[in-house]
Amino acid sequence: MTNSTEIRPFRIDIPGADLADLRERLANTRWPVEVAGTGWERGVPRGYLKELAAYWRDGFDWRAQERALNAYPQFATTIDGANVHFLHVRSDGADSLPLLLLHGWPGSFVEFLDVIPLLTGEFHLVIPSLPGYGFSGPLTEAGWTDGRAAAALAALMDRLGYDRYGVQGGDVGGFLGPLIGRLAPDRVVGVHANAFVTFPSGDPDEFAGLTEDERRRVALFERFQDDGSGYLRLQGTRPQTVSYGLADSPVAQLAWIVEKFQEWTDPAAELPEDAVGRDRLLADVSIYWFTNTAGSSAHTYYERFHDRAFWAPRERATVPTAIANFTTDIAIRRFAERDHTIVRWTTFDRGGHFAAMEAPDLLAADVRAFLTELKETTR
């Protein structure tokens, strides 16, 4: 029986039979009828998805992706009954700060591949697959709220012997990072977040005096609620129903993820692969497919929707927090300052929701500037 505190070496090695099964399923896809004259406003266009699926089947080299991922040290451990997979890339710096990097949905740890070489000079990097995602494997029990996931990730840093560290995360990682700061304020030097979500309190006076850029972001948030949150409602209310199609059809899984990359990446990119690269996009989709974690990750949305603690009022967090707002992000500073101690707020005119993939140089530089200063002032 595996020792529950043991840290085990991990290496990605998808069986050849799984690769053959993927190609066969892609070749045998039954395509739906498409309404003439429509485009992305109704979902992923059939012509585009057909071409991308054909490339996934015949042009994409998963083994090359495996080699690239396995170039970094990977491990797995059991925390609170769940498997947690992670990269652990140590810095050569004598005074390097540990840094926990947290992906979101529909992302994975591959989001951070381009920032690794930009940060290892100053940081020891710990890059997990979130509980229930990717190589951390499907969760099989209820109750994995964001609070529980945050506690597991804090426990991971403790298990690695890190008693002082920074946290960076986007999307779901942008929820978990501040929660880890609340759980371990004496250990977390600072929390950096992108793709951060802020909510108005309901007081109309909060909207007085918003800048033009802030009004644009409020409009983006309202448009998301009105016309872009279908996936959110489905995963938050009926994740098991959604999971059948995603587990059985790779094209369904591809469309489910590609739609979000199309809508959330920098609008300067015409197509998702123009923003993040086709092979990197398909590596992310492939991880969801091979690990069969689309349903498991969807269930974490159900937990969030039904977790009273997540939505309950909290005291303002004390850990220094930095927000990086990219082109499609919707965070408003005055809303964020109600709940967090904001010490840095940066707005970028390049890159979108998946900043670590779209603009790794900008994200890494902002993280480095924020945490380097904090490290010096909190000695």
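Residues numbered from 1 in each chain as written. Predicted model: local features only at pLDDT ≥ 70, side-chain atom pairs only at ≥ 80, totals over all residues. Heavy atoms only, no water.

A. Inspection of the overall build of the chain at higher detail. Assigned secondary structure in the chain consists of 17 helices and 9 strands. On C-alpha atoms alone, the chain measures out to a radius of gyration of 20 Å, which is about the 21 Å that the 2.2 N^0.38 rule sets for 379 residues. Based on the C-alpha atoms only, the size of the chain along its principal axes is roughly 60 × 55 × 35 Å. Burial analysis of the chain (379 residues in total) assigns 55% to the buried set. Sequence separation of at least 24 residues holds for 76% of the intrachain contacts in the chain that already meet a minimum separation of 6. Split by element, the accessible area of the chain, about 16600 Å² in all, is 50% carbon and sulfur. (Helix = DSSP H or I, 4+ residues; strand = E, 2+ residues; numbered from the N terminus. Rg over C-alpha atoms; globule rule 2.2 N^0.38 Å. Buried < 20%, exposed > 50% of the residue type's maximum accessible area, 1.4 Å probe, protein only. Contact = heavy atoms within 4.5 Å. Areas by Shrake-Rupley, 256 points an atom, 1.4 Å probe, with all protein chains shown as cover.)

B. Inspection of the packing of aromatic side chains at higher detail. The tally for this structure, following the rule as stated, stands at 19 aromatic pairs. Centre to centre, the rings of Tyr133 and Tyr288 are 6.4 Å apart; their planes meet at 70°, and the pair counts as edge-to-face. Linking Tyr133 in the loop between β5 (123-128) and α5 (146-159) with Tyr288 in helix α12 (residues 278-291), this pair joins segments that are 155 residues apart in sequence. A network of ring pairs unites the aromatic residues Trp105, Phe224, Tyr231, Phe261, Trp264, Tyr301 and Phe354 as a single cluster. Its end group placed over the ring of Tyr301, Arg304 keeps NZ or CZ at 4.8 Å from the ring centre. (Phe/Tyr/Trp six-rings, centres within 6.5 Å; stacked < 30°, edge-to-face > 60°. Lys NZ or Arg CZ within 6 Å of the ring centre and 35° of its normal.)

C. Quick peek at the UniProt feature "domain: Epoxide hydrolase N-terminal" (unreviewed entry) in the chain. The sites that carry the UniProt feature "domain: Epoxide hydrolase N-terminal" (unreviewed entry) are, in the present numbering, residues 7-112. Split by type, residues 7-112 is 32% helix and 23% strand. Its first and last C-alpha atoms lie 22 Å apart. (UniProt positions renumbered as here; feature names shortened; annotations may be inferred.)

D. Looking closely at the pairing of strand β3 (residues 82-89). The buried fraction of β3 amounts to 7 of the 8 residues, a majority that puts the element mostly inside the structure. Pairing analysis gives 6 bridges linking strand β2 (residues 74-79) to β3, with the strands arranged antiparallel. What sits directly across from Thr77, in β3, is Val84. In this sheet, β5 lies alongside β3 in antiparallel orientation, the contact comprising 4 bridges. Residue pairing for β5: Val89 is matched across the bridge by Leu125. (Pairing = 2+ DSSP bridges.)

E. Local environment of the nonpolar core. If you look at the biggest cluster of nonpolar residues, it comprises 97 residues, and the most contacted ones within it are Trp56, Trp62, Phe109, Leu125, Tyr165, Ile180 and Leu254. The residues touching Phe109, leaving out its near neighbours within four places in the chain, are Ile12, Leu69, Gln74, His85, Leu87, His103, Ile127, Pro128, Ser129, Phe135 and Ile287. By size, the runner-up hydrophobic cluster in this structure holds 6 residues, among which are Ala193, Ile323, Ala331 and Ile342. (Core = buried A, V, L, I, M, F, W, Y, C linked by side-chain atoms within 4.5 Å.)

F. View of α5. Spanning 14 residues, α5 covers 20 Å between terminal C-alpha atoms, matching the ideal 20 Å at 1.5 Å per step. Within the sequence span of α5, burial applies to Asp146, Arg148, Ala149, Ala150, Ala152, Leu153, Ala154, Leu156 and Met157. (Expected span 1.5 Å × (residues − 1).)

G. Here's a closer look at the pairing of β5. Of all 6 residues that make up β5, 6 are buried, and the element is covered over most of its length. The side-chain alternation of β5 yields two buried faces, one formed by Phe123, Leu125 and Ile127 and the other by His124, Val126 and Pro128. Taken together, the 4 bridges between strand β4 (residues 97-102) and β5 define a ladder with parallel strand orientation. Residue Leu97 lies in a different strand from β5, and its bridge partner there is Phe123.

H. Fine view of helix α9 (residues 239-248). Every buried residue of α9 is listed here: Pro239, Val242, Ser243 and Leu246. Projection of α9 onto a plane perpendicular to its axis shows the buried side chains occupying an angular sector of 105°, all on one side. Turned more than 90 degrees away from the buried face of α9 sit Thr241 and Tyr244, all of them exposed. Looking at the packing, one finds that the buried side of α9 touches α8 (230-237), α10 (250-264), α12 and α13 (294-305). (Arc of directions from axis to C-beta.)

I. Structural view of the UniProt feature "active site" (unreviewed entry) in the chain. Here, UniProt's "active site" (unreviewed entry) annotation points to Asp171, Tyr301 and His353. Once residues lying within four places of it in the same chain are set aside, the contact partners of Asp171 are Gly104, Trp105, Asn194, Ala195, Trp264, Tyr301 and His353. On the accessibility criterion, His353 (13% relative accessible area) is buried. Leave out the neighbours within four places in its chain, and His353 touches Trp105, Asp171, Asn194, Ala195, Trp264, Thr328, Asp329 and Glu358. Engagement of the side chain of His353 in a polar contact is seen with the side chain of Asp171, the distance being 2.9 Å. (Polar contact = N/O pair within 3.5 Å; in protein donor to acceptor, adjacent residues only side chain to side chain.)

J. Molecular detail of the sheet that holds strand β8 (residues 320-325). Strand order across the open sheet formed by 9 strands is β1-β2-β3-β5-β4-β6-β7-β8-β9, with mixed pairing between neighbours. Two strands bound the open sheet, and with one partner strand each, they are β1 (7-10) and β9 (341-347). Sheet twist, expressed as the mean angle between neighbouring strand axes with direction ignored, is 25°. (Axes fitted to C-alpha atoms, helices over the stretch in contact; angles between N-to-C directions.)

K. The arrangement of the side chain of Asn70 in detail. Inspection of the secondary structure assignment puts Asn70 in helix α3 (residues 62-70). According to the relative accessible area criterion, Asn70 is buried, its value standing at 14%. Polar contacts involving the side chain of Asn70 include one to the side chain of Gln74, which spans 3.1 Å. Not counting the four nearest positions on each side in its chain, Asn70 is found in contact with Arg11 and Ile12.

L. Main features of the pattern of salt bridges. Under the criterion given, the structure shown has 21 salt bridges. Here Arg57 and Asp58 are joined by a salt bridge, their closest N and O atoms 2.8 Å apart. Relative accessible area serves as the criterion here: at 25%, Arg57 is assigned to the partly exposed category. Residues Asp213 and Arg216 are paired through a salt bridge, measuring 3.3 Å at the closest nitrogen-oxygen approach. In this pair, Asp213 and Arg216 both sit in helix α7 (residues 212-227), 3 residues apart, roughly one turn of the helix. A relative accessible area of 29% places Asp213 in the partly exposed class. Using a relative accessible area of 35% as the deciding quantity, one classes Arg216 as partly exposed. (Salt bridge = Lys/Arg side-chain N within 4 Å of Asp/Glu carboxyl O.)

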